[in-house]
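Residue-level structural notes
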Amino acid sequence: MKKILFVINPISGDIDKQELEENIQAFCRRHEITGQFFKTSGEQDEEKLRQEIKSFQPETVAAVGGDGTVSLVAKEIINTDVALAILPQGSGNGLSKDLDIPQTFDEALQVLIENRVKAIDTLDVNGQVSIHICDMGFNALVVKRFCEGDTRGPGAYARIAMQEFIGYTAKNYTITSRGKTLFEGEAFMVTVTNAKAFGSNAAINPNGIINDGCFEICVMEPFPKMSSIGILYRLYTDSIDESVYTQRFSCSEATILNQEDDQIQIDGEPLESEKQVHIKVQPQTLKVLLPPLPDAAAE
Ligand SMILES: Nc1ncnc2c1ncn2[C@@H]1O[C@H](COP(=O)(O)OP(=O)(O)OP(=O)(O)O)[C@@H](O)[C@H]1O
């Protein structure tokens, strides 16, 4: 029998998971899956999950939560044959959207029995794993405030973003890659990703390919407040590259120098500020379970 470990974050997305657990148990019985639950506590989950995977030896670990839960799981199974599955239950669910994983619970469960596996690139950011988006500047500050607060969900995130936007001042960055300076100056935010969009669907890197051995650095330069509507429009219509305020660099390795008081976040988790951030792509290091290709049904 196939063994799947379900890693459930009880608080993600402000969603009660009790009923989901019952649905998962019924699904496992129907499909002859040996399912086991691991509930996150927010304290030392990495170590506890490592032990759980070691003793249970699952073929798949399913993250039932948001991007933070997906990231927690990914860190433990990167560079192994264990596959990651995502049952999106967070505020944003960024990686799952990028991978076209269904956002409804029942449809996402079906992916567990489709057996379509793809190896995706991950990023090493100062020794930490990033599987979706790492950024510095404005969004990282919003993520920090969001994590400090006690309200979750997309509404809370949007409210904090509006509050912080009013008084936000751009920071200085120097970006180099392979001995060449790519950018030097002020930026509103600097995003490092090989995915396409944030969990909010704002497409910061609309042409990103998740397994091409490269990542993109998207620099959003300071812009007049009155241009913010236009930038938002571009972010939600896959046309951010047409904005005069953005620049994009494709790299396999890069270093970003920033200000000491700047914020940095990786996959929705704020980190201690670091003045020098070194990023390196780790090609095809994470196996993920995906839904069938759209034309597979027609074959
Ligand atoms: N039982 C728990 N109690 C409190 N916090 C928890 C618990 N389990 C996990 N956490 C915290 O939840 C955060 C991760 O949440 P996650 O990213 O999965 O959901 P989200 O923030 O609602 O969604 P998204 O990342 O998609 O916006 C981590 O900071 C982790 O420490």
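In this text the structure is predicted, and so the values were computed from the model without any measurement.

Attention now moves to the domain arrangement of the chain. Annotation of the chain at the domain level lists domain 1 (2-121 + 286-296) and domain 2 (128-283). When each unit is reduced to the centre of its C-alpha atoms, the spacing between domain 1 and domain 2 is 26 Å. Counting only elements with at least two residues in the side of domain 1 that touches domain 2, the list comes to helix H3 (67-77), helix H4 (94-98) and strand E5 (116-125). Sorting elements by how many residues they give to the side of domain 1 that touches domain 2 places H3 first, with 6 residues. Taken together, the residues that form the side of domain 1 that touches domain 2 break down as 8 nonpolar, 8 polar and 7 charged.

Bringing the UniProt feature "domain: DAGKc" (unreviewed entry) in the chain into the picture now. Look at the UniProt record and you will see "domain: DAGKc" (unreviewed entry) annotated at residues 1-129. Taken end to end, residues 1-129 has its terminal C-alpha atoms 31 Å apart, with 36% of it in helix and 29% in strand.

Our next topic: the site of the ligand. Taken together, 22 residues are adjacent to the ligand, and Ser-12, Gly-42, Gly-66, Gly-68 and Gly-90 come closest. When residues of the shell around the ligand are assigned to their parent elements, the largest contribution, 3 residues, is made by H3. Of the residues that constitute the shell around the ligand, the class distribution is 3 nonpolar, 16 polar and 3 charged. Shared between two domains, the shell around the ligand takes at least three residues from each, and those domains are domain 1 (2-121 + 286-296) and domain 2 (128-283).

What follows deals with the packing of helix H2 (residues 45-56) against H3. Interhelical geometry of H2 versus H3 gives an angle of 50 degrees and a closest axis separation of 10 Å. When the axis of H2 is compared with that of H3, the two are oblique. Between H2 and H3 lies a crossing of right-handed hand. Where H2 abuts H3, its residues Asp-45, Glu-46, Leu-49, Arg-50 and Ile-53 lie against Leu-72, Lys-75 and Glu-76. Classifying every residue of the contact of H2 with H3 gives 3 nonpolar, no polar and 5 charged.

Cut-offs used in this document
Along each chain, numbering runs from 1 in the same order as the chain's sequence is written. Per-residue local features of the predicted model are confined to residues with pLDDT of at least 70, and side-chain atom pairs are confined, for both listing and counting, to 80 or more; whole-chain, interface and lining totals are unaffected and use all residues. Domain limits in this description derive from either an automatic procedure or a database domain assignment. Helix and strand assignments come from DSSP, with helices taken as H or I runs of at least 4 residues and strands as E runs of at least 2, each series counted from the N terminus. Amino acid classes used here: Ala, Val, Leu, Ile, Met, Phe, Trp, Tyr, Cys and Pro are nonpolar; Asp, Glu, Lys and Arg are charged; the rest, including Gly, are polar. UniProt positions are given in the numbering used here, feature names are shortened, and annotations may be inferred rather than shown by experiment. In this text, near has one meaning. A residue is near a molecule or strand if its C-beta atom, placed using the backbone, is within 6 Å of it. Note on geometry: axes are lines fitted to C-alpha atoms, helical ones only across the stretch in contact, with angles between N-to-C directions running from 0 to 180 degrees. By definition in this entry, angles of less than 35 degrees are roughly parallel, angles greater than 145 are roughly antiparallel, angles of 65 to 115 are roughly perpendicular, and the rest are oblique. By definition, any crossing whose near helix is turned counterclockwise from its far helix by less than a right angle is left-handed, and any crossing with a clockwise turn is right-handed. Any two residues are considered in contact once their C-beta atoms, placed from the backbone, lie within 7 Å.

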